[in-house]
Amino acid sequence: MPRPGKLHLLKHLEQSNTDGLEAVAAAAAWEGANPQVYSGLLINERATAIVSHLCLTVVYSGEKIPGVFSYESSEVDWCEDNYKHSEHVVEYFNTMSSFIFFIISPVMLYLLHPYAKERSLAIHTVWTMMMFVGLFSAYFHMTLSFVGQMLDELSILWVLAVGYAVWFPRKLFPSFIKDRSTFSRLVLGITIITSLSSFVKPTANAYALNCFGLHLLYSLAVEMRCCTDQKVLRLAKLSVALWVLAISCWISDRFGCSVWQRLNFCYLHGIWHILIVIAVAYGSTLIAFLDANYEIPYSLPGLQYWPCDKWAVGLPHIVLKGTIKTRKRC
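Residues numbered from 1 in each chain as written. Predicted model: local features only at pLDDT ≥ 70, side-chain atom pairs only at ≥ 80, totals over all residues. Heavy atoms only, no water.

What about the packing of helix α10 (residues 205–224) against helix α11 (residues 230–255)?
Part 1 of the reasoning: Packing of α10 against α11 leaves a shortest axis separation of 12 Å and a crossing angle of 160°. In terms of orientation, α10 lies roughly antiparallel with respect to α11. Our pair here, α10 against α11, has a crossing hand that is left-handed. Counted together, Ala206, Tyr207, Asn210, Gly213, Leu214, Leu217 and Met224 of α10 and Val232, Leu233, Ala236, Val240, Trp243, Ile247, Trp250, Arg254 and Phe255 of α11 form the full contact between these two elements.
Part 2 of the reasoning: When its residues are assigned to classes, the contact of α10 with α11 shows 13 nonpolar, 2 polar and 1 charged. (Axes fitted to C-alpha atoms, helices over the stretch in contact; angles between N-to-C directions. Helix = DSSP H or I, 4+ residues; strand = E, 2+ residues; numbered from the N terminus. Parallel < 35°, antiparallel > 145°, perpendicular 65-115°, else oblique. Left-handed = near helix turned anticlockwise from the far one by under 90°. Contact = heavy atoms within 4.5 Å. Nonpolar A, V, L, I, M, F, W, Y, C, P; charged D, E, K, R; others polar.)

Section: the nonpolar core
Part 1 of the reasoning: Core analysis: the largest hydrophobic core is formed by 55 residues, its most contacted members being Ile104, Met108, Tyr115 and Trp127.
Part 2 of the reasoning: Among the elements that line this core, the one with the most residues is helix α13 (residues 268–295), at 13 residues.
Part 3 of the reasoning: Apart from residues no more than four positions distant in its own chain, Trp127 is found in contact with Ile104, Ser105, Met108, Leu109, Leu112, Val277, Val280, Ala281 and Ser284. (Core = buried A, V, L, I, M, F, W, Y, C linked by side-chain atoms within 4.5 Å. Buried < 20%, exposed > 50% of the residue type's maximum accessible area, 1.4 Å probe, protein only.)

Observations concerning the packing of aromatic side chains
Part 1 of the reasoning: Summed over all chains, the structure comprises 12 aromatic pairs.
Part 2 of the reasoning: Between Phe99 and Phe102, the aromatic rings sit 5.7 Å apart at their centres with planes inclined by 35°, giving tilted as the arrangement.
Part 3 of the reasoning: Residue class for Phe102 comes out partly exposed when judged on its relative accessible area of 31%.
Part 4 of the reasoning: Between the aromatic rings of Tyr282 and Tyr305, the centroid separation amounts to 6.3 Å while the plane-to-plane angle is 50°, which identifies the pairing as tilted. Placement of Tyr282 in helix α13 and of Tyr305 in strand β1 (residues 301–306) is noted, with a sequence separation of 23 residues between them.
Part 5 of the reasoning: Following the ring pairs from residue to residue traces out a cluster consisting of Phe93, Trp260, Phe265 and Tyr267.
Part 6 of the reasoning: Geometry around Trp78 places Arg254 over its ring, the cationic atom sitting 4.9 Å from the centre. (Phe/Tyr/Trp six-rings, centres within 6.5 Å; stacked < 30°, edge-to-face > 60°. Lys NZ or Arg CZ within 6 Å of the ring centre and 35° of its normal.)

Quick word on the layout of surface pockets
Part 1 of the reasoning: In this structure, the largest pocket occupies an estimated 210 Å³ of space.
Part 2 of the reasoning: Along the walls of the largest pocket sit 13 residues, with Tyr164, Val187, Ile190, Thr191 and Phe212 positioned nearest its centre.
Part 3 of the reasoning: Mapped onto the lining of the largest pocket, the elements with two or more residues apiece are α8 (146–167), α9 (180–197) and α10.
Part 4 of the reasoning: Top contributing element to the lining of the largest pocket by residue count: α9, with 6 residues.
Part 5 of the reasoning: Residue composition of the lining of the largest pocket, by class: 10 nonpolar, 3 polar and no charged. (1 Å grid on protein atoms, 1.4 Å probe; cavity = no way out; pocket = protein on both sides within 12 Å on 5 of 7 lines; lining within 4 Å. Points joined across faces, edges and corners; volume = space filled by probe spheres on them.)

Some details on the state of the cysteines
Two cysteines joined by a covalent bond between their sulfur atoms form a disulfide.
Part 1 of the reasoning: Inspection of the entire model under this criterion finds 1 disulfide.
Part 2 of the reasoning: Paired by a disulfide, Cys79 and Cys257 hold their sulfur atoms 2.2 Å apart. In this structure the cystine formed by Cys79 and Cys257 twists about its S-S bond by roughly 90°; its chirality is therefore right-handed. On the criterion of sequence distance, the pair formed by Cys79 in the loop between α3 (40–57) and α4 (92–97) and Cys257 in helix α12 (residues 257–262) is long-range, its members being 178 residues apart.
Part 3 of the reasoning: For Cys79, a relative accessible area of 3% puts it in the buried group.
Part 4 of the reasoning: In this structure Cys257 comes out as buried when scored by relative accessible area, which is 18%. (Disulfide = S-S within 2.5 Å.)

A few points about the environment of Met96
Part 1 of the reasoning: Within the fold, Met96 resides in helix α4.
Part 2 of the reasoning: Along the sequence, Met96 and Gly270 sit 174 residues apart, while their C-alpha atoms lie 8.0 Å from each other.

Observations concerning empty space enclosed by the protein
Part 1 of the reasoning: On inspection of all chains with the given rule, the structure shows 2 cavities of 30 Å³ or more.
Part 2 of the reasoning: In this structure, the second largest cavity spans a volume of roughly 40 Å³.
Part 3 of the reasoning: As for the second largest cavity, its lining consists of Glu80, Asp81, Lys84, Asn264, Cys266 and Tyr267.
Part 4 of the reasoning: Classifying every residue of the lining of the second largest cavity by side-chain character gives 2 nonpolar, 1 polar and 3 charged.

This is a description of form; function is not addressed.
Below, the structure is given as structure tokens:
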């Protein structure tokens, strides 16, 4: 007689009202021995050990792995109905909308390359990491796992950190900071501490990240006070409007879910994904333009929109009207 498989044996033991002797017989069959050779306490102990071993090693098809990787192990659950379109994807629309990051990011890398090549190739890190934000966001919404949540939120934190390090205006540095490399090390240290502390209260991470966004808006407002270029002002207004609209979707989905469920429209978090990546494209280009005017003024930076500058909508990018030959040499 062929030896029964672990899964078959365990299912048999669970589905039947087995008493101790039947469990022993099944365990002995697994061992390939005659059940009658077992007797008394030895039989019970041996059977218990074997069955316990099977329980620890067998994982049913579709069973969720316990722990931080398991489905729905995160305390966060967005408004979209779970498993509505797929038994393997918890939040289908939120997962699919995350792939907008993989569309916008490569385009922005291409459009900002002339500026990054002249200013610093480290600037490419921002949009490279944005693709990881999209990847981890898709993983999080697919599983709603704790690991997915932390990867999603920490990737956003590190994108903000890189943005601060490469673009924060020198004139707004703290008085004890003398150069950008020192400021970057300060940002690195703060980001590491923040990353570690984010595990203390994970549900508060999203709110802390949005506070960083408010500080960026404040810094941008300070920079724009003296600007008179209408094209730049228009980009600033669009950036703020997109951010406000995006954050409104995020807040409404988080706190107004019951309303949207009654309306059978539970997709605001997915819309947030689409709006925020466009807002980042507009906002980061605006910040990069201001940075170019401070750091590489000889390049005569200007603003254009892709794919056509005459269109009312498009992705903004920087064009360098000057050349390396116009740079002043000491």
